[in-house]
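Here are the chains, one letter per residue:
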Amino acid sequence: MKPYFLVEKSRATYQLIANICLKIYFIRGLSLVKLPRGKHLSVEIKERVVNLYKSGQKQANIAKTFNLNKSIVCRIIRQYRVSGNIDVKKKCGRPRKTNRYQDKHLLKIAKNEPFLGSNKIKDRISDELGVEATSRTVRNRLLEGNLFGRRPAKKPLLSKKNRRAQLHFAV
């Protein structure tokens, strides 16, 4: 819903007013935190929330300061009270076989030699990096790197027998 003070409903005007509001917000020394869905808050922001709570500020004021929901601030403070720390909890699910460096190396191999199959890339990675991953894992990492498998449009080479038959036909 657009702000009530917006008379003209054009996109440019709305963006201009939003930018002015952001500038005012930062001039006052407040920090605006825009969270993408499904992402965790950084540890620094959580520490700042806990420090403000320890200094005696109310949860509602802290929520306004960081542009967060009151429930998120409450959850951060509750986690700090119960466990004494504000670290990000370990994620559920199977841990990845490869780390970020190994993924980059895998993508580099695939880009340098585009006709290499996932089995050969898997073998090279196990030799070079010591990572035991399946060919399916290699294909998944290639998909994450926006490299998709496709068949090369390549004509088969002519054998000597085919060349002789072609020459005989032409004569």
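Whatever comes next refers back to the structure up there.
Residues numbered from 1 in each chain as written. Predicted model: local features only at pLDDT ≥ 70, side-chain atom pairs only at ≥ 80, totals over all residues. Heavy atoms only, no water.

Notably, Asn 67 is not glycine yet its phi reads approximately 55°, a positive angle. Of note, Asn 146 is a non-glycine position whose phi angle comes to about 60°, a positive value. Within the secondary structure, Asn 146 is located in the loop between helix 7 (135-144) and helix 8 (160-170). (Helix = DSSP H or I, 4+ residues; strand = E, 2+ residues; numbered from the N terminus.)

Here we take up helix 6 (residues 118-128). Turning to helix 6, its buried residues number three or more, namely Ser 118, Ile 121 and Ile 125. Along the axis of helix 6, the buried residues cluster in a sector spanning 60°; they form a single face. Turned more than 90 degrees away from the buried face of helix 6 sit Lys 120 and Asp 127, all of them exposed. Contacts made by the buried residues of helix 6 are with helix 5 (100-112) and helix 7. In the segment just after helix 6, Gly 130 is the residue with positive phi, at about 75°. (Buried < 20%, exposed > 50% of the residue type's maximum accessible area, 1.4 Å probe, protein only. Arc of directions from axis to C-beta. Contact = heavy atoms within 4.5 Å.)

For the rest of this paragraph, the subject is the packing of helix 3 (residues 59-66) against helix 4 (residues 70-83). One way to put it is that helix 3 packs onto helix 4 with a least axis distance of 9 Å and a crossing angle of 115°. By the criterion of interaxial angle, the relationship of helix 3 to helix 4 is roughly perpendicular. Crossing of helix 3 over helix 4 shows right-handed handedness. Contacts between helix 3 and helix 4 involve Gln 59, Ala 60, Ile 62 and Ala 63 from the first element and Lys 70, Val 73, Cys 74 and Ile 77 from the second. A breakdown of the residues in the contact of helix 3 with helix 4 according to their chemical character gives 6 nonpolar, 1 polar and 1 charged. (Axes fitted to C-alpha atoms, helices over the stretch in contact; angles between N-to-C directions. Parallel < 35°, antiparallel > 145°, perpendicular 65-115°, else oblique. Left-handed = near helix turned anticlockwise from the far one by under 90°. Nonpolar A, V, L, I, M, F, W, Y, C, P; charged D, E, K, R; others polar.)

On inspection of all chains with the given rule, the structure shows 6 salt bridges. The shortest N-O distance in the salt bridge between Asp 103 and Arg 96 comes to 3.1 Å. Among the residues examined, Asp 103 registers a relative accessible area of 14% and is labelled buried. Arg 124 is the salt-bridge partner of Glu 113, the closest N and O atoms lying 2.6 Å from each other. Placement of the pair is Glu 113 in the loop between helix 5 and helix 6 and Arg 124 in helix 6, with a sequence separation of 11 residues. Here Glu 113 falls in the partly exposed class, since its relative accessible area comes to 32%. (Salt bridge = Lys/Arg side-chain N within 4 Å of Asp/Glu carboxyl O.)

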